[in-house]
Amino acid sequence: MNVTVNGRQHAFDGDPSMPLLWYLRDELGLTGTKFGCGIAECGACTVHVDGEAVRACATPMSGVADRKVTTIEGLSPDGSHPVQKAWHALNVPQCGFCQAGQIMQAAAMLAANKNPSEAEINQTMAGNICRCGCYQRISAAIKSAITGA
Amino acid sequence: MKTIIENVSRRRFIVGAGGLVIAAQFISLKSFAEMHEDYKTGAGAMPHGVVTDPHVFVTIDKNGLVTIIASRAEMGTGAARTTLPLIVADELEADWSRVRIKQSPGNEERYGNQDTDGSRSVRHFIQPMRHIGASVRLMLAMAAAKHWGVDVSDVEAKNHEIINKKTGAKIGYGAVAVEAMALPAPSADQVTLKTADQFRYIGKGTIKPVDQKDIIMGKAVYGIDAKVPGMRFAVVARPPVFGGKMVSYDDSATMKVPGVEKVVVIEGTPAPAKFAPLGGVAVVAKNTWAAMQGRDALKITWDDGPHAVYDSATYRTQMEETARKPGVVVRNDGDAEKALASAAKVVTAEYYLPHISHAQMEPVSATAHFANGKLEVWAPLQSPGGTRDELAKKLGIKPEDVTVHELLLGGGFGRKSKCDYAIEAALLSKAVGAPVKVIWTREDDIQHDFFHTVSVERIDAGLDQSGKVVAWRHRSVAPTIFALFVPDPKHESALEMGMGLVDNPFDIPNLRCENGEAEAHTRIGWFRSVSNIPHGFAVQCMVAEIAQAAGRDPKDMLIELIGPPRIVDPRKSQDVKDFWNYGDPFESYPIDTARLRGVVELAAEKSDWGKPLPPRHGRGIAVHRSFLTYVATVVEVAVDEKGKLTVPRVVTAVDAGFIANPERVHSQMEGAAVMGYALARYGEISFKNGRAQQGNFDTYKVTRINESPAQTEVHMVPHGLDVPSSGIGEPGVPPFAPALCNAIFAACGKRIRSLPIGDQLST
């Protein structure tokens, strides 16, 4: 099978049940996508598959055959995605480990809905855990990315 | 008999025959501390103390690029890689855009103490870092003065240049770097520190966290991200019960899993095992997934050992019974027994706080390569220097033959102070003859944690006719962290009792603290703010309970109990042994009730305390001094008819002395509210048959964005450099849970005495 990751096509002939997460991290060395739980509970491994946010830890390789995967490394070449810019402006991260997943989730949400309500933001982002507790800034950064302020 | 325990949380203690800590050993620190420090800290008493040699921490290249060494662990507070370096840069008069940060390896002989816990980084290192920066500034000035043939007093450093004050000529740092850095370090009395009005970065909060750009682009490298050519991946099946052992195993199915290469037995260490691995059976494979599949296919027979019967519900009952009987008296002012017996009213409450797990977002992980008698390790470590020593000991090699590469920590909260995972990686690399990365799954991380202690706190307060508190008896029962280091002492250590028990600041004439016996049935470790969590919860909930009994406003009651401005010195109380004051001199960091009261007043004022709220809303207040910092928190909650809890607003007031980086202090306090909410609302690891019952975020819940405090405001008490900087990473946590539970009571009349809140509010 083939899978496209950040615009590059790769052939894969390993275990089709292997989660995309471990393929990205162990085989491609794309360690920006993080392991946090392995059961789609924390969102640290969030990537885009054909533009939609999915949890790479619970997505088998068989599920991404001939599909386009974007990881945090491929979101923008220089950190210039509006979500990344807002994150930087508001100093969102603390330890930062969950932030790739948070950013990928937020970016997918805004791609699908340019102006989510507070309730929609909370609902969509509730799958992404931040143990340092950056939620107040995550929320503010998303709102800032929406308005471009 | 006395034994010096080295490396106990990298603090150094003398332990008496009974196992209780009887004295902290203070080692004198000469030159810098004596000649230069405005105030003394306990930094010099830490293992390997403080290094202030500028050559160790700063290099400047010919282009003027300044490289500052970060020698402590960066786990999200910003202290190690942003705040301490910006302090150096400021005193150095460096232009921050021309500064790079380089992480040091673990090596305390060279860098001084690297143990990043106890909220010590800025507290212990602001002055040494200032000294280092100012030393290099002087060295640059001396080199430029020599270049111009003038006296050093005729030049000054300004924004990456040296200016000749007589001629106005300027020379860049790069142009004199080689000559300057070839100079010996100036003696302490030659170095002049800046005055606060000269600061460019210190105290401003304008510097972006150093790794932030890399983090948001996915380029930041955490411990779990280490890449070493040829590395294998391993997961370990560990004994499900603490103290258990593997009896036999069958790996025939494991070896058939594609990608699995080897199965290796790791020996456990009998208690007290400090940070040694739990032991078990490791599966080494070509990738993490294969290793996990291989582990699932192992058939292992375990001997569960002496803690096989550990049941946390039964244990709770046992602890409650202990708390209802007299314990060892650990502080005794006046005669609390007599005063309670003659009190007009006695208020009694018992509080329970279960074990909790750190659940930092990055599960522990380490990569090791052992070859030719030498070991290299890449890992996220709170104590990279201490880990190096532990690894050398375990492998029977010299510390010089161990290189510990410190990578970013995806959270720590105390878990990554314990290097069992790095030892596992080293043993596995040695066994398979290749680099090995050990991955802990989330279940591994939660179920084999060094758990926060479990505790029963019972307080009896006696009130006189006028409603004034005249007696206070606090019995604390909790297994001790020290069971890691010595045969289980079954009593809280002086360190634990110094975290909110014997340092009670209240103005009560008859005050007695007792400590009952409690055995450790699992690995107890320190969790962000440690024993301040149970002690602070009990004391601060009790204040509100007394206020209710006396028909008083809880904030007024709190202010009354804090009493007049004074220094409370627990060393002057009877039966207080080895009051440790977080390892710092009491003279520099006394317990100052004026500052304690100050944060209460500030939080109350900013939170509109006393102003009306909508129905089923309530405010709660709590204050706690920990890590030498005073924090008061007001939580506002709403509890609807069905018991649904929301937190619309949190107001926190912080007095941490001089604040070097207010922006990161703000983020720590915001985060402390979120972590405080998690432990109050959900935090519980329960045990049955010795096994932790929770394993992942589905069963061990933490705060999510849709329930997190909506707004956390942070107010810092402004101080100059004359008030020593104190801890920041931990002190925000202890007051949150009691403020929350006091708010819940105010909102709906339900008093929570047992954490977590769970579904106690459901009707």
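Quantities reported herein were computed from a predicted structural model and do not represent experimental measurements.

J.: Go over the overall build of chain B, please, and point to the residues and values.
T.: Helix and strand counts for chain B stand at 19 helices and 31 strands. The globule rule puts the C-alpha radius of gyration for 763 residues at 27 Å, and the 27 Å found for chain B is close to it. Principal-axis analysis of the C-alpha atoms places the extent of chain B at approximately 80 × 70 × 55 Å. Put simply, chain B has 763 residues, and 61% of those count as buried. Of the contacts made within chain B by residues no fewer than 6 positions apart, 79% connect residues no fewer than 24 positions apart.

J.: Outline the environment of A:P60, supporting the account with residue identities and numerical values.
T.: Residue and element names in this part refer to chain A. Tracing the backbone through its elements, the reader meets P60 in the loop between strand 4 (52-55) and strand 5 (68-70). Taking the C-beta count within 10 Å as the criterion, P60 has 14 such neighbours and is therefore assigned partly exposed. In this structure, P60 is in contact with P16, S17, M18 and P19, ignoring residues within four places of it in sequence.

J.: Give me the pairing of strand 17 (residues 365-371) of chain B: which residues, what numbers.
T.: Residues and elements named next belong to chain B. Across the seven residues that make up strand 17, a large majority, six, are buried. Two elements, strand 17 and strand 18 (residues 374-379), share five bridges in a ladder whose sense is antiparallel. Residue pairing for strand 18: T367 is matched across the bridge by W378. Linking strand 17 to strand 18, which pair antiparallel, is a turn of two residues; within it N372 sits at a positive phi near 50°.

J.: An account of the domain arrangement of chain A is needed here, citing residue identities and associated values.
T.: It is common to give the size of an interface as the accessible area lost on bringing the parts into contact. Residues and elements named next belong to chain A. Assigned domains within chain A: domain 1 (2-75) and domain 2 (82-147). One C-alpha centre belongs to domain 1, the other to domain 2; they are set 20 Å apart. Taken together, the contact pairs 16 residues of domain 1 with 14 residues of domain 2. Breaking the side of domain 1 that touches domain 2 down by element, the ones donating at least two residues are strand 3 (46-49), strand 4 and helix 2 (72-75). Considering every element that reaches the side of domain 1 that touches domain 2, the biggest residue donor is strand 3, with three residues. Taken together, the residues of the side of domain 1 that touches domain 2 break down into seven nonpolar, seven polar and two charged.

J.: Quick rundown of the interface of chain B and chain A? Include the residues and the values.
T.: Taken residue by residue, the interface counts 49 residues in chain B and 47 residues in chain A. Contributions of two or more residues to the side of chain B that touches chain A are made by helix 7 (212-216), helix 8 (288-296) and helix 18 (662-681) of chain B. Take the side of chain B that touches chain A: its biggest share by element is seven residues, from helix 18 of chain B. Residues that form the side of chain B that touches chain A fall into these classes: 20 nonpolar, 17 polar and twelve charged.

J.: Lay out the nonpolar core in plain terms, naming residues and giving numbers.
T.: Residues and elements named next belong to chain B. Of all hydrophobic cores here, the largest spans 280 residues; its most connected members are L140, A234, V377, A422, A426, V599 and L740. Looking at which element gives the most residues to this core, the answer is helix 5 (residues 121-148), with 14 residues. Setting aside its immediate chain neighbours within four residues, A422 contacts A366, A368, V377, A379, L381, T387 and L391.

J.: Quick one: what's the story with the packing of helix 3 (residues 82-89) of chain A against helix 6 (residues 135-147) of chain A, residue by residue and with numbers?
T.: Residues and elements named next belong to chain A. Two numbers describe how helix 3 lies on helix 6: the axes approach to 8 Å, and their chain directions differ by 130°. Taken as axis vectors, helix 3 and helix 6 run oblique relative to one another. With respect to the hand of their crossing, helix 3 and helix 6 are arranged in right-handed fashion. Two secondary-structure elements touch here, helix 3 through P82, V83, A86, W87 and A89 and helix 6 through A141, S144 and A145. Of the residues in the contact of helix 3 with helix 6, the class split is seven nonpolar, one polar and no charged.

J.: Go over helix 4 (residues 99-112) of chain A, please, and point to the residues and values.
T.: With 14 residues, helix 4 of chain A extends 20 Å between its outermost C-alpha atoms, agreeing within 8% with the 20 Å of an ideal straight helix rising 1.5 Å per residue. Buried within helix 4 of chain A we find A:Q99, A:A100, A:G101, A:Q102, A:I103, A:M104, A:Q105, A:A106, A:A107, A:A108 and A:M109.

J.: Which residues make up the domain arrangement of chain B, and what are the values?
T.: Residues and elements named next belong to chain B. The domain architecture assigned to chain B consists of domain 1 (55-198), domain 2 (223-306 + 364-439) and domain 3 (312-357 + 450-748). Distance from the C-alpha centre of domain 1 to the C-alpha centre of domain 2: 39 Å. On the domain 2 side, the residues contacting the 13 residues of domain 1 number 19 residues. Residue classes in the side of domain 1 that touches domain 2 are distributed as three nonpolar, six polar and four charged.

J.: Before we move on, can you summarise the sheet that holds strand 12 (residues 260-266) of chain B with the specific residues and values?
T.: Residue and element names in this part refer to chain B. Across the sheet, seven strands lie side by side as 12-13-10-20-17-18-19; this open sheet has mixed pairing. Looking at strand neighbours, the two that pair on one side only are strand 12 and strand 19 (402-406), the edges of this open sheet. Each adjacent strand pair in this sheet contributes to an overall mean axis angle of 25°, direction not counted. Examined bridge by bridge, strand 18 and strand 19 share five bridges and lie parallel to one another. Bridged to V377 within strand 19 is V404. Across the face of the sheet, helix 12 (residues 420-432) comes into contact with strand 10 (232-237), strand 12, strand 13 (280-285), strand 17, strand 18 and strand 20 (436-439) while running at roughly 35° to strand 17.

J.: So, helix 6 (residues 173-182) of chain B: which residues are in play, and what are the values?
T.: Residue and element names in this part refer to chain B. The set of residues buried in helix 6 consists of Y173, V176, A177 and A180. What you see down the axis of helix 6 is that its buried residues fit within an arc of 145°, all on one side. Facing away from the buried side of helix 6, by more than 90 degrees, are the exposed residues V178 and A182.

J.: Please set out the pairing of strand 2 (residues 8-11) of chain A residue by residue, giving values where relevant.
T.: Residue and element names in this part refer to chain A. The pairing of strand 1 (residues 2-5) with strand 2 spans four bridges and is classified as antiparallel. Directly across from N2, in strand 2, lies its bridge partner A11. Connecting the antiparallel pair strand 1 and strand 2 is a turn made up of two residues, with N6 showing a positive phi of about 50°.

J.: Pulling in residues and values, what's your account of the confidence of the model for chain B?
T.: All names here are of chain B. Summarising the model, chain B shows a mean pLDDT of 95, and 95% of its residues fall at 70 or more. Below a pLDDT of 50 lies the segment residues 1-30, which in the model reaches 70 contacts outside its immediate sequence neighbourhood of four places, other chains included. This complex was scored by the predictor with a pTM of 0.96 and an ipTM of 0.99.

J.: Lay out the packing of helix 11 (residues 384-395) of chain B against helix 12 of chain B in plain terms, naming residues and giving numbers.
T.: Helix-helix packing: each pair is described by the crossing angle between the helix axes and the interaxial distance. All names here are of chain B. The N-to-C vectors of helix 11 and helix 12 enclose an angle of 40°; their axes lie 10 Å apart at closest approach. In terms of axis orientation, helix 11 runs oblique to helix 12. For the pair helix 11 and helix 12, the crossing hand works out as right-handed. In this structure, helix 11 uses T387, E390, L391, K394 and L395 to contact helix 12, whose residues at the interface are A422, I423, A426 and K430.

Calculation notes
Residues numbered from 1 in each chain as written. Chains lettered and ligands numbered in written order. Predicted model: local features only at pLDDT ≥ 70, side-chain atom pairs only at ≥ 80, totals over all residues. Helix = DSSP H or I, 4+ residues; strand = E, 2+ residues; numbered from the N terminus. Rg over C-alpha atoms; globule rule 2.2 N^0.38 Å. Buried ≥ 20, exposed ≤ 12 C-beta atoms within 10 Å, placed from the backbone. Contact = placed C-beta atoms within 7 Å. Pairing = 2+ DSSP bridges. Domains from an automatic or database assignment. Nonpolar A, V, L, I, M, F, W, Y, C, P; charged D, E, K, R; others polar. Core = buried A, V, L, I, M, F, W, Y, C linked by C-beta atoms within 7 Å. Axes fitted to C-alpha atoms, helices over the stretch in contact; angles between N-to-C directions. Parallel < 35°, antiparallel > 145°, perpendicular 65-115°, else oblique. Left-handed = near helix turned anticlockwise from the far one by under 90°. Expected span 1.5 Å × (residues − 1). Arc of directions from axis to C-beta. pLDDT = per-residue confidence, 0-100.

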